[in-house]
Amino acid sequence: MRYPASRTILYTAILSAMMAGTALAQTAPDGYPADYQQIIDGAKKEGKVIIYSTTDTKAANPVIQDFEKAYPGVKVEYNDMNSTELYSRYLSEQASGSNSGDVVWSSAMDSAMKLATSYAASYPSVEIPALPAWSVWENKAYGTTYEPSVFIYNKRLLKEDQVPKTHAEFARLVSGDTSQFKNKVTTYDVEKSAVGFMLAVQDKLNDPDYESFLKGSSAAGLVVQSSTGTMMERVSSGENLLGYNILGSYAETRAQSDPGLGVAYSTDYTLVVSRVAFISKNALHPNASKLWLDYLLSKRGQDVLANQANLASVRSDIEGDNDVAGMTQKLGDALKPIPVNETLLEYLDQNKRLEFIKMWRADTGK
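Everything quoted here is computed from the prediction, not taken from an experiment.

Right, let's get into the overall build of the protein. Helix and strand content of the protein: 14 helices and 13 strands. Seen along its three principal axes, the alpha-carbon backbone of the protein occupies a region of about 95 × 45 × 30 Å. When each of the 366 residues of the protein is scored for burial, the buried share is 54%. Pairs at least 24 apart in sequence give 77% of the contacts found in the protein among residues at least 6 apart.

In structure tokens, the structure reads:
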């Protein structure tokens, strides 16, 4: 039977629409349970996920774009804040019952854990078998990256044989030539940077000679900042010569295009930060939140993190060497990953926090 041209056009349009709809319909990733489709369908109905994060938008963009490509119709509303702002804003919103982030994703592991203990939803990600045991807390909080902290130095003004390889060498270098390093050493301000405070506490827990390191590295005058970017800029320009406890992911990325910035890994111990993610119990978009978290932990998401966002993967099966396996091959037993658990909360106790800051200021002269 031959149909009128107008009806043929109508049938063609309907068929095209059905095919387009099929193309957009997402199926569960390989290896996921069959009922995972319900999460995908629910996320599409919700339409978006709201992320509160300390990860720079520029670094996160490849992840956001690939997630939206993988799940068309689920948009990412991304809020980039510093760690202190994120903590205060989220806590205030939870207390008032106002709208807030669906997912928290923070490099300040201790303050993120403090929020998680009160506000995280329990969600056993299907990706748990591929993750290190230390990176998962009670199916609520997840470590998502594997980022060593590093020393940075000015490559033009510091000789290669001067570059310290351990914390003790760092302290001896500075204290041994206070004229060269006068006001030339930088690190985080532990009162203004939540990440800086956490790393300083972890230094104390991992280094029996921590106070000697503080005194030696500060002997020529310590310059403190709340921003990683500011520290890298000052060292690159020569305004400072050395920096410590810098997030290696950011330093390595900048060093690729900045001939003035050098990066060194300490061989006595190297702290490893893992950005903590959790879903809020009061998430407005719970299915989209689960979808985002699973994507972030998946091999696909971790590959984007490691090879496009330059944030080392918490998995060991990612192409290239920017993952746990690659870092371990490079640094071995020196790596000290900070576990995602309640031990992070010890120094958030007000009295212990004030006691630690008092000690830190006395030893650094700040």
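Let us keep going from here.
What follows is about the packing of helix α8 (residues 210–217) against helix α14 (residues 350–364). Relative to each other, α8 and α14 sit at 45 degrees, their axes nearing to 8 Å. In terms of orientation, α8 lies oblique with respect to α14. Each of Tyr 210, Glu 211, Leu 214 and Lys 215 in α8 lies in contact with α14, whose residues at this interface are Phe 356, Met 359, Trp 360, Asp 363 and Thr 364. Looking at the contact of α8 with α14 residue by residue, the classes come out as five nonpolar, one polar and three charged.

Applying the stated criterion to the full structure yields 16 aromatic pairs. Note on Tyr 90 and Phe 278: the rings are 6.0 Å apart at their centroids and 80 degrees apart in plane angle, and the pair reads as edge-to-face. One end of the pair, Tyr 90, is in helix α4 (residues 83–96); the other, Phe 278, is in strand β12 (residues 276–279), and 188 residues separate them in sequence. The same class applies to Tyr 90 and to Phe 278, which are both buried.

Secondary-structure assignment places Asn 240 in the loop between α9 (228–237) and β9 (242–247). Looking at Asn 240, its side chain comes within polar contact range of the main-chain oxygen of Asn 183, at 3.3 Å.

Opposite charge on two side chains allows them to pair when their charged atoms are near. All told, the structure shown has twelve salt bridges when counted by the stated rule. With a shortest N-O distance of 2.8 Å, Arg 315 and Asp 317 are connected by a salt bridge. One salt-bridge network, in which partners are shared between bridges, spans Glu 127, Arg 315 and Asp 317.

Structurally, Gln 308 can be placed in the loop between α12 (299–307) and α13 (324–331). Distance from Gln 308 to Ala 59, taken between C-alpha atoms, is 8.3 Å for residues 249 residues apart in sequence. Setting aside residues up to four positions removed in sequence, Gln 308 forms contacts with Pro 62 and Asp 303.

Burial runs high along strand β1 (residues 48–53): five of the six residues are buried. With six bridges joining them, β1 and strand β2 (residues 75–80) adopt parallel strand pairing. Counterpart to Val 49 in the pairing with β2 is Val 76. One crossover worth recording links β1 to the parallel β2 by way of helix α3 (residues 57–70), and it is right-handed.

Inspection of the secondary structure assignment puts Thr 27 in the loop between α1 (5–24) and α2 (37–46). The spacing of Thr 27 and Tyr 71 is 44 residues in sequence and 9.5 Å in space, taken between C-alpha atoms. Non-local contacts of Thr 27, meaning those with residues more than four positions away in its chain, are made with Gln 37 and Ile 40.

We now examine unusual backbone geometry. One non-glycine residue, Asn 139, lies in the positive phi region at around 55 degrees. Checked against the element boundaries, Asn 139 lands in the loop between β4 (136–137) and β5 (141–143). Positive phi is not limited to glycine here, since Asn 310 has a value of about 60 degrees. Considering the arrangement of structural elements, one finds Asn 310 in the loop between α12 and α13.

Phe 67, Trp 105, Leu 291 and Trp 292 are the most contacted members of the largest nonpolar core, which totals 86 residues. At seven residues, helix α11 (residues 286–297) tops the list of elements feeding residues into this core. Residues in contact with Trp 292, not counting those within four places in the same chain, are Val 49, Ile 51, Val 63, Ile 64, Phe 67, Val 76, Val 103 and Trp 105. Core analysis: the next-biggest nonpolar cluster, separate from the first, contains 30 residues, Leu 158, Val 190, Ala 220 and Ala 264 among them.

Those residues of α2 not exposed but buried are Ile 39, Ile 40, Gly 42 and Ala 43. Down the axis, α2 shows its buried residues gathered within 165 degrees of arc, on one side only. Exposed positions of α2 whose direction lies more than 90 degrees from the buried face are Gln 38 and Lys 45. In this fold, the buried residues of α2 make contact with β1 and α11. Gly 47, located one to two residues past α2, shows a positive phi value of around 85 degrees.

Within a sheet, adjacent strands bond to each other through the backbone by hydrogen bonds, running parallel or antiparallel. Strand order across the open sheet formed by six strands is β2-β1-β3-β12-β5-β4, with mixed pairing between neighbours. Each edge of the sheet is formed by a strand with only one pairing partner; in this case those strands are β2 and β4. As defined by bridge partners, β5 adjoins β12 across three bridges and the pair is classed as antiparallel. Note that in β12 the partner of Tyr 142 across the bridge is Ala 277. Strand contacts of α4: β1, β2, β3 (103–106) and β12, with the helix running at about 130 degrees to β1, the strand carrying the most contacts.

Conventions and cut-offs
Residue indices begin from 1 for each chain and proceed along its sequence in written order. Residue-level local features of this predicted model are given only where pLDDT is at least 70; pairs of side-chain atoms are given and counted only at 80 or more, and the full residue set underlies all totals for whole chains, interfaces and linings. For side-chain calculations, the full set of non-hydrogen atoms in the structure is used, while hydrogens and water are omitted. Counting from the N terminus, the helices are DSSP H or I runs at least four residues long and the strands are E runs at least two residues long. Whether a residue is buried, partly exposed or exposed follows from its accessible area with a 1.4 Å probe, protein chains only, as a fraction of its type maximum: under 20%, in between, or over 50%, in that order. In this description, contact between two residues means that some pair of their heavy atoms is separated by no more than 4.5 Å. Axis definition: a line fitted to C-alpha atoms, limited for helices to the stretch in contact. Angles are taken between N-to-C directions and run from 0 to 180 degrees. Relative orientations are named as follows: roughly parallel for angles under 35 degrees, roughly antiparallel for angles over 145 degrees, roughly perpendicular for angles from 65 to 115 degrees, and oblique for any other angle. Following the grouping adopted for this structure description, the nonpolar residues are Ala, Val, Leu, Ile, Met, Phe, Trp, Tyr, Cys and Pro, the charged ones are Asp, Glu, Lys and Arg, and the polar ones are all others, Gly among them. Stacked, tilted and edge-to-face are the three classes applied to pairs of Phe, Tyr and Trp rings, where Trp contributes its six-membered ring and a pair requires centres within 6.5 Å; stacked means planes under 30 degrees apart, edge-to-face means over 60, and tilted covers the rest. Nitrogen and oxygen atoms within 3.5 Å of one another constitute a polar contact, given that in protein one can donate a hydrogen and the other can accept it, and given that sequence-neighbouring residues count only through two side-chain atoms. Just to be clear on terms, a salt bridge is a Lys or Arg side-chain nitrogen sitting within 4 Å of an Asp or Glu carboxyl oxygen. Pairing between two strands requires that DSSP report at least two bridges joining them. By the criterion used throughout, a crossover qualifies as right-handed when its path from the first strand across the helix to the second strand runs clockwise, the strands pointing away from the viewer. In these notes, a set of buried Ala, Val, Leu, Ile, Met, Phe, Trp, Tyr and Cys residues joined through side-chain atoms within 4.5 Å is what counts as a nonpolar core. Picture the helix axis, draw a direction to every C-beta atom, and the arc is the one those directions span.

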